[in-house]
Amino acid sequence: MTASLTLGPVLFNWPVDRWRDFYARIADEAPVDTVILGEIVCFKRAPFFAQAMGEVAERLTAAGKTVWFASPILVGSERERSAMRDLVEADAGLVEANDMGALALLAGRPHAVGPMINVYNEATLAWLAGRGAVAVSLPAELPAAAVAALAKAGRELGVAVEVQAWGRAPLAISARCYHARAHGLHKDGCQFVCGNDPDGLAVTTMDGQPFLTVNGTQTMSHGCLCLAEEMAELSAMGIARFRLSPQAMDMVRVAEAFRAVLDGRRGGAEVAAELGGLIGAPLVNGFFHDTAGARRVAAGA
């Protein structure tokens, strides 16, 4: 089974020119197989990228990448529901559902399921497969035993099971915008202050300890999830799809490093040490090792 790399959607509010240039470089240089496009965190951001979406998708496709389109995480208004219906009906490519409403619209046709939908057991995976899911990206908080069970079930069901191997872990989504509130603003008049933090806004505890990261209405881990050292174990479980979540860093270098691990040209520990010096946040893998997600468990521990 040939392992593949997926580049998840950009979760942060980057200027459209930066966003377009990012994907141009991904198209030309990154050894990723599938690229997922779409503004999934905040519907208010979506219009900024709408005009560039077709251009970016065409360039990625011309470069040999498979392009999927992601639905929003939390749909809360008629305008958002209408936009989601338009996405599903456009038939521009495979849609990755990140909301139960999107799953309802996609029932009966091939689609993917994103990590924002909780898939914690084999029964849920079977239910999704029966409704047309061909690929499921697992939530970042699953321990190794659960990943192994779902990988086995995925093989039996004919569903490609994917694991996030890099990037801040998405933890929660809210109707409220914490980013706006942190600046004394309301969500409706947020002034898009989330754009000031291209890698998210750090949240600390009362005594100043790093805790979480805020990205508009989304809550993410403070540490960067890195499973470079667990790739061999995951491959042995039958996982053949690995997701890289974009961060404000050299993602081509990240993709090259993970591709080298999958190809057996580099060790996971070496790659983790290299990338850990670039991200500006601690590397974590605790969820996979069935402990606190903010921890990093050394290889072989």
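Scroll up for the structure.
Residues numbered from 1 in each chain as written. Predicted model: local features only at pLDDT ≥ 70, side-chain atom pairs only at ≥ 80, totals over all residues. Heavy atoms only, no water.

A.B. asks: I keep staring at the layout of surface pockets and nothing clicks. Help me out?
C.D. replies: The method is simple in principle: a probe with the dimensions of a water molecule rolls over the atoms, and the space it marks as empty is what remains. Here the largest pocket is characterised by a volume of approximately 510 Å³. Among the elements of the structure, helix H2 (46–62), strand S3 (66–70) and helix H3 (78–90) are those that each provide at least two residues to the lining of the largest pocket. The residue inventory of the lining of the largest pocket, partitioned by class, reads 15 nonpolar, one polar and three charged. Taken as a whole, the second largest pocket holds about 310 Å³ of empty space. Split by residue class, the lining of the second largest pocket holds eight nonpolar, four polar and six charged. (1 Å grid on protein atoms, 1.4 Å probe; cavity = no way out; pocket = protein on both sides within 12 Å on 5 of 7 lines; lining within 4 Å. Points joined across faces, edges and corners; volume = space filled by probe spheres on them. Helix = DSSP H or I, 4+ residues; strand = E, 2+ residues; numbered from the N terminus. Nonpolar A, V, L, I, M, F, W, Y, C, P; charged D, E, K, R; others polar.)

A.B. asks: Is there a simple way to explain the packing of helix H9 (residues 251–262) against helix H10 (residues 268–279) in this structure?
C.D. replies: Helix-helix packing: each pair is described by the crossing angle between the helix axes and the interaxial distance. Axis separation between H9 and H10 bottoms out at 10 Å; the angle between their running directions is 170°. The angle between the axes of H9 and H10 places the two elements in the roughly antiparallel class. From H9, Arg-253, Val-254, Ala-257, Phe-258 and Val-261 reach across to H10, where they touch Gly-268, Val-271, Glu-274, Leu-275 and Leu-278. Considered class by class, the residues forming the contact of H9 with H10 number seven nonpolar, one polar and two charged. (Axes fitted to C-alpha atoms, helices over the stretch in contact; angles between N-to-C directions. Parallel < 35°, antiparallel > 145°, perpendicular 65-115°, else oblique. Contact = heavy atoms within 4.5 Å.)

A.B. asks: Teacher, can you tell me more about the nonpolar core here?
C.D. replies: Nonpolar side chains in soluble globular proteins generally cluster together in the buried interior. Core analysis: the largest hydrophobic core is formed by 92 residues, its most contacted members being Tyr-23, Ile-26, Leu-37, Trp-166, Leu-244 and Phe-258. The element contributing the most residues to this core is H9, with eight residues. Not counting residues within four places of it along the chain, the set of residues in contact with Phe-258 comprises Leu-5, Ala-165, Trp-166, Cys-226, Leu-227, Ala-228, Met-231, Leu-244 and Leu-275. (Core = buried A, V, L, I, M, F, W, Y, C linked by side-chain atoms within 4.5 Å. Buried < 20%, exposed > 50% of the residue type's maximum accessible area, 1.4 Å probe, protein only.)

A.B. asks: It is not clear to me how the pairing of strand S8 (residues 201–204) should be interpreted in this structure. Could you clarify?
C.D. replies: In regular strands, side chains alternate between the two faces of the sheet. Note: S8 against strand S9 (residues 210–215), four bridges, orientation antiparallel. If you follow Thr-204 over to S9, its bridge partner there is Pro-210. Where S8 hands over to S9, the hairpin turn is made up of five residues, of which Gly-208 adopts a positive phi near 85°. (Pairing = 2+ DSSP bridges.)

A.B. asks: Explanation requested: the packing of helix H1 (residues 16–29) against H9 in the structure shown.
C.D. replies: Direction vectors running N to C along H1 and H9 enclose 30°, while the axes themselves pass 10 Å from each other. One finds that H1 runs roughly parallel with respect to H9. Crossing hand, H1 versus H9: right-handed. On H9, the residues touching Phe-22, Arg-25, Ile-26 and Glu-29 of H1 are Met-251, Val-252 and Glu-256. (Left-handed = near helix turned anticlockwise from the far one by under 90°.)

A.B. asks: Help me understand the pattern of salt bridges, please; the structure alone is not making it clear to me.
C.D. replies: Proximity of charged atoms lets side chains of opposite charge pair with each other. Tallying each qualifying case throughout the model produces 20 salt bridges. For Asp-17, the salt bridge goes to Arg-20, with nearest N and O atoms at 3.0 Å. One end of the pair is Asp-17 and the other is Arg-20, both in helix H1 and three residues apart, which spans about a single turn. According to the relative accessible area criterion, Asp-17 is partly exposed, its value standing at 48%. Through salt bridges with shared partners, a single ionic network connects Asp-33, Arg-259, Asp-263 and Arg-265. (Salt bridge = Lys/Arg side-chain N within 4 Å of Asp/Glu carboxyl O.)

A.B. asks: Sorry, what's going on with the side chain of Arg-243 here?
C.D. replies: If you trace the backbone, Arg-243 turns up in strand S11 (residues 241–244). Taking the relative accessible area as the measure of exposure, Arg-243 reaches 5% and is therefore buried. Discounting residues that sit within four places of it in the chain, Arg-243 has contacts with Thr-6, Gly-8, Pro-9, Ile-36, Glu-96, Pro-115, Ser-137, Glu-162, Val-163, Gln-164, Ala-165 and Trp-166.

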